[in-house]
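# Per-entry structural report
Next come the chains, spelled out residue by residue.
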Amino acid sequence: MQAKTIEGLVGARINTDLINTPRRAYEEAERKGDTATMERAMGYMSEHADKAEEYRAEAEEGMKEDAKDTREKAELDREEAIQKRKEDREEFEKRIEENRNKNTDIVEISEDGRAVMKDNADSDSSAPAEINADVINTEPVVYTKTGEVNQSQREPGTNISVSV
């Protein structure tokens, strides 16, 4: 909040409160019938009311400036967010391009494999019978980090017992 807004709000409030003193003097003079005192009190009330109106106008001007500053800040924040997203996207695209350029494994499917895949897509079953038989008859294999078959597999039928 700007100082102008705060000053306007405080000044309007104080001058509104200050109107009460001359109002009491006016009411007392009215009971006594003292028109000169009533006119003076009315003049003081008018002065404080005018000052309160000036401060109210100042507060409104300050609030408009606050709103303008807030809009400008929001616009800057949006622009920064857009710029950050753009930089993140460029960085992400750069990483993707780097990953494409690295030594990667490429899988090539032979003509026979393509034919089998096409047969699988055309038929209702998940794979031809001869492929299913090959898959069922193979034993599970564990590979080492170097890509060789690990020979130290556990023996079939070995039981592991755990108790808690």
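The structure contained in this document is the topic of the report that follows. Numbering of residues begins from 1 in every chain and follows the order in which that chain's sequence is written. Local features in this predicted model are restricted to residues whose pLDDT is 70 or higher, and side-chain atom pairs enter the listing and the counts only when it is 80 or higher, whereas totals over whole chains, interfaces and linings include all residues. No hydrogens and no water enter the side-chain calculation; it runs on all heavy atoms of the structure.

### Some points on the side chain of D66
With respect to the element layout, D66 can be found in helix α3 (residues 35–101). Buried residues are those whose accessible area, probed at 1.4 Å on protein chains only, stays under 20% of the maximum for their type, while exposed residues exceed 50% and partly exposed ones sit between those limits. Neither His nor the chain termini are counted; the positive set is Lys and Arg, and the negative set is Asp and Glu. For salt bridges, the criterion is a side-chain nitrogen of Lys or Arg within 4 Å of an Asp or Glu carboxyl oxygen. Buried and without a salt bridge, D66 has K4 as its closest oppositely charged side chain, separated by 10 Å. Each helix corresponds to a stretch of at least 4 residues labelled H or I by DSSP, and each strand to a stretch of at least 2 residues labelled E; elements are numbered beginning at the N terminus.

### A look at helix α1 (residues 3–18)
Take the number of residues in a helix, subtract one, and multiply by 1.5 Å to get its expected span. Here α1 spans 22 Å end to end across 16 residues, near enough to the 22 Å set by a 1.5 Å rise per residue. Within α1, the full set of buried residues consists of T5, G8, G11, A12 and N15. Buried residues of α1, viewed axially, fall in a sector of 140°; they line one side. Exposed residues on α1 whose side chains face more than 90 degrees from its buried face are A3 and R13. Buried residues along α1 sit in contact with α3. The directions from the helix axis to the C-beta atoms form the arc being described. What makes two residues a contact is simply this: any of their non-hydrogen atoms within 4.5 Å.

### Thoughts on α3
Look at α3: 98 Å from first C-alpha to last across 67 residues, which is about the 99 Å you get at 1.5 Å a residue. Among all positions of α3, only M38, A41, M45, H48, A52, A59, G62 and D66 are buried.

### Section: the environment of E28
Checked against the element boundaries, E28 lands in helix α2 (residues 20–32). Since its relative accessible area comes to 42%, E28 is described here as partly exposed. It is 8.5 Å that separates the C-alpha atoms of E28 and M38, two residues lying 10 residues apart in sequence.

### Re the pattern of salt bridges
Enumeration according to the criterion identifies 10 salt bridges in this entry. Among the salt bridges present, the one from D17 reaches R13, with a minimum N-O distance of 3.6 Å. Here the residue D17 and the residue R13 both occupy positions in helix α1, the gap between them amounting to 4 residues, near one helical turn. For R56, the salt bridge goes to E53, with nearest N and O atoms at 2.2 Å.

### Brief notes about the packing of α1 against α3
Relative to each other, α1 and α3 sit at 160°, their axes nearing to 7 Å. If you check the angle between α1 and α3, you find them roughly antiparallel. As for how α1 packs across α3, the hand of that crossing is left-handed. In this structure, α1 contributes K4, T5, E7, G8, L9, G11, A12, N15, T16 and L18 to the contact, and α3 contributes H48, K51, A52, Y55, R56, E58, A59, E61, G62, M63, E65 and D66. Lys, Arg, Asp and Glu make up the charged group, whereas Ala, Val, Leu, Ile, Met, Phe, Trp, Tyr, Cys and Pro make up the nonpolar group; the residues left over, Gly among them, are polar. Its residues assigned to classes, the contact of α1 with α3 shows 7 nonpolar, 7 polar and 8 charged. Working convention: axes come from line fits to C-alpha atoms, limited for helices to the stretch in contact. Angles between N-to-C directions cover 0 to 180 degrees. An angle below 35 degrees is read as roughly parallel, one above 145 as roughly antiparallel, one from 65 to 115 as roughly perpendicular, and any other as oblique. For any pair of crossing helices, the crossing counts as left-handed if the nearer helix is rotated counterclockwise from the farther one by less than a right angle, and right-handed if it is rotated clockwise.

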